[in-house]
Amino acid sequence: MQFTSDIKVNLIQKMGGDHMVVAAAKVSTDGEAAEKMAYESAEGKAGLINYLMNHRHGTPFEHSALTFFVHAPILVWREWHRHRVGFSYNEESGRYKKLEPLFYLPDRERLMMKIEDWKPGRPKFTRCESDSVFEQLCSNLKQAYELSYAMYEANLALKIDPGLARDCLPVGIYSGCWVTCNPRSLMAFLSLRTHEPDATQISYPLWEIEVAARICEQILESGWPITYKAFVNNGRVGP
Ligand SMILES: Cc1cc2nc3c(=O)[nH]c(=O)nc-3n(C[C@H](O)[C@H](O)[C@H](O)COP(=O)(O)OP(=O)(O)OC[C@H]3O[C@@H](n4cnc5c(N)ncnc54)[C@H](O)[C@@H]3O)c2cc1C
């Protein structure tokens, strides 16, 4: 039995860059001549990319792709999988393989205590200052994980369908998934799954999905720096 607060996002492949945004947009006015832009640098094209972002001309941002391997607790997956458009998923099976006994425990720094005027829709939290509260939480989670995994193994020993045996497992168990998206769908995801007080629409995502989203954000920034800057400068509104 292993416990961790790590959430892993590994970049498997990356296709395209800012130059593809420029080339795809320019087919509109240059026709076939725009093709050469797919092989040129996007340097000096920040104005065009910013215009596309600002006017929500989103389709030129779809001509690139990113594939990640993400290892995260199922509580992250049930939220991530809600992003349907421009996302492709393949997840490890609980029917064809035994699930590993790896479970999520929060990091000590995770903000988790409800503030006084806590509201659904604007859920704000502060750090847990009490070691005993934090330890009690971890102890409760560990006990539940240990019992549920022991029951899972007991179910498997009955030689029943593993897809039924797993029914006792909690959302804190880890699962691995391949995720492919494009910069446009990724920006839509980032606008909802990161909290930025300066964003045009402020979102209040679950801590754990934001951890994953922030890693994706760094990958977007390094591969599509002009696009990323335009996204931030336009209030993190997806085009
Ligand atoms: C902070 C937060 C709290 C949330 N709380 C809850 C909750 O309590 N309960 C709950 O069920 N969900 C909740 N969600 C999930 C949320 O409702 C969305 O399902 C999720 O964020 C995916 O967003 P999306 O539909 O825009 O993404 P995608 O499915 O990727 O869609 C992208 C865009 O495509 C368009 N689109 C997609 N499908 C359709 C369609 N069928 N018809 C028309 N246009 C479409 C829309 O413009 C949409 O914004 C929450 C999300 C966040 C960020």
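Details of the structure are given in the entry above.
What you see is a predicted model; the values in this text were computed from it and never measured.

### Overview of the overall build of the chain
Consideration 1: Per the secondary structure count, the chain includes eight helices and eight strands.
Consideration 2: Its C-alpha atoms put the chain at 65 × 45 × 25 Å along the principal axes.
Consideration 3: The buried share of the chain, taken over its 239 residues, is 40%.
Consideration 4: Put simply, of all contacts in the chain between residues at least 6 apart along the chain, 74% involve residues at least 24 apart.
Consideration 5: Accessible surface for the chain amounts to roughly 13,300 Å². Of this, 52% is attributable to carbon and sulfur atoms.
Consideration 6: Taken together, the 27 basic and 29 acidic charged side chains of the chain have centroids lying 4 Å from each other.

### Structural notes on helix H4 (residues 131-157)
Consideration 1: If you check H4, its first and last C-alpha atoms are 39 Å apart, about what 27 residues at 1.5 Å a residue would give, namely 39 Å.
Consideration 2: For H4, the full list of buried residues reads Phe134, Cys138, Tyr145, Ser148, Tyr149 and Tyr152.
Consideration 3: The secondary structure elements touched by the buried residues of H4 are strand S1 (2-4), strand S5 (102-104), strand S6 (111-114) and helix H5 (162-165).
Consideration 4: Lys159 sits one or two positions beyond H4 and adopts a positive phi of about 65 degrees.

### A few points about the site of the ligand
Consideration 1: The environment of the ligand is made up of Arg82, His83, Arg84, Val85, Leu192, Arg193, Ser203 and Tyr204.
Consideration 2: The side chain of Arg82 places a nitrogen or oxygen atom 2.8 Å from an oxygen atom of the ligand.
Consideration 3: A class-by-class count of the residues in the shell around the ligand yields three nonpolar, two polar and three charged.

### Quick look at the packing of helix H1 (residues 18-30) against helix H2 (residues 46-54)
Consideration 1: Running from amino to carboxyl end, H1 crosses H2 at an angle of 70 degrees, the nearest separation of the two axes being 10 Å. In this view, H1 runs roughly perpendicular relative to H2, as classed from their interaxial angle. From H1, Asp18, Val21, Val22, Ala25 and Lys26 reach across to H2, where they touch Leu48, Ile49 and Leu52.
Consideration 2: Its residues placed into classes, the contact of H1 with H2 shows six nonpolar, no polar and two charged.

### Digging into the nonpolar core
Consideration 1: Core analysis: the biggest nonpolar cluster contains 56 residues, and Phe68, Val70, Trp80, Val179, Leu186 and Phe189 have the highest contact counts within it.
Consideration 2: Examining the composition of this core, we find that six residues originate from one element, helix H7 (residues 207-223), more than from any other.
Consideration 3: The contact partners of Val179, leaving out residues within four places of it in the chain, are Leu66, Thr67, Phe68, Val70, Trp77, Trp80, Phe87, Ser88 and Tyr89.

### What to know about the packing of helix H6 (residues 183-193) against H7
Consideration 1: The interhelical angle for the contact between H6 and H7, taken along N-to-C directions, is 140 degrees, at an axis separation of 10 Å. Between H6 and H7, the angle is such that the two are oblique. You can see that H6 and H7 cross each other, and the crossing is left-handed. Together, Pro183, Leu186, Met187, Phe189, Leu190 and Arg193 of H6 and Ile209, Glu210, Ala213, Cys216, Glu217 and Leu220 of H7 make up the contact between the two elements.

### Overview of the pattern of salt bridges
Consideration 1: The full count for this structure, using the stated rule, is 12 salt bridges.
Consideration 2: Note that Arg127 is salt-bridged to Glu109, the shortest N-O span being 2.9 Å. One end of the pair, Arg127, is in strand S7 (residues 125-127); the other, Glu109, is in the loop between S5 and S6, and 18 residues separate them in sequence.
Consideration 3: With relative accessibility at 42%, the residue Glu109 sits in the partly exposed group.

Rules used in this analysis
Residues numbered from 1 in each chain as written. Predicted model: local features only at pLDDT ≥ 70, side-chain atom pairs only at ≥ 80, totals over all residues. Heavy atoms only, no water. Helix = DSSP H or I, 4+ residues; strand = E, 2+ residues; numbered from the N terminus. Buried < 20%, exposed > 50% of the residue type's maximum accessible area, 1.4 Å probe, protein only. Contact = heavy atoms within 4.5 Å. Areas by Shrake-Rupley, 256 points an atom, 1.4 Å probe, with all protein chains shown as cover. Lys, Arg positive; Asp, Glu negative; His and termini not counted. Charge placed at Lys NZ, Arg CZ, Asp CG, Glu CD. Expected span 1.5 Å × (residues − 1). Near = heavy atom within 4 Å. Polar contact = N/O pair within 3.5 Å; in protein donor to acceptor, adjacent residues only side chain to side chain. Nonpolar A, V, L, I, M, F, W, Y, C, P; charged D, E, K, R; others polar. Axes fitted to C-alpha atoms, helices over the stretch in contact; angles between N-to-C directions. Parallel < 35°, antiparallel > 145°, perpendicular 65-115°, else oblique. Core = buried A, V, L, I, M, F, W, Y, C linked by side-chain atoms within 4.5 Å. Left-handed = near helix turned anticlockwise from the far one by under 90°. Salt bridge = Lys/Arg side-chain N within 4 Å of Asp/Glu carboxyl O.

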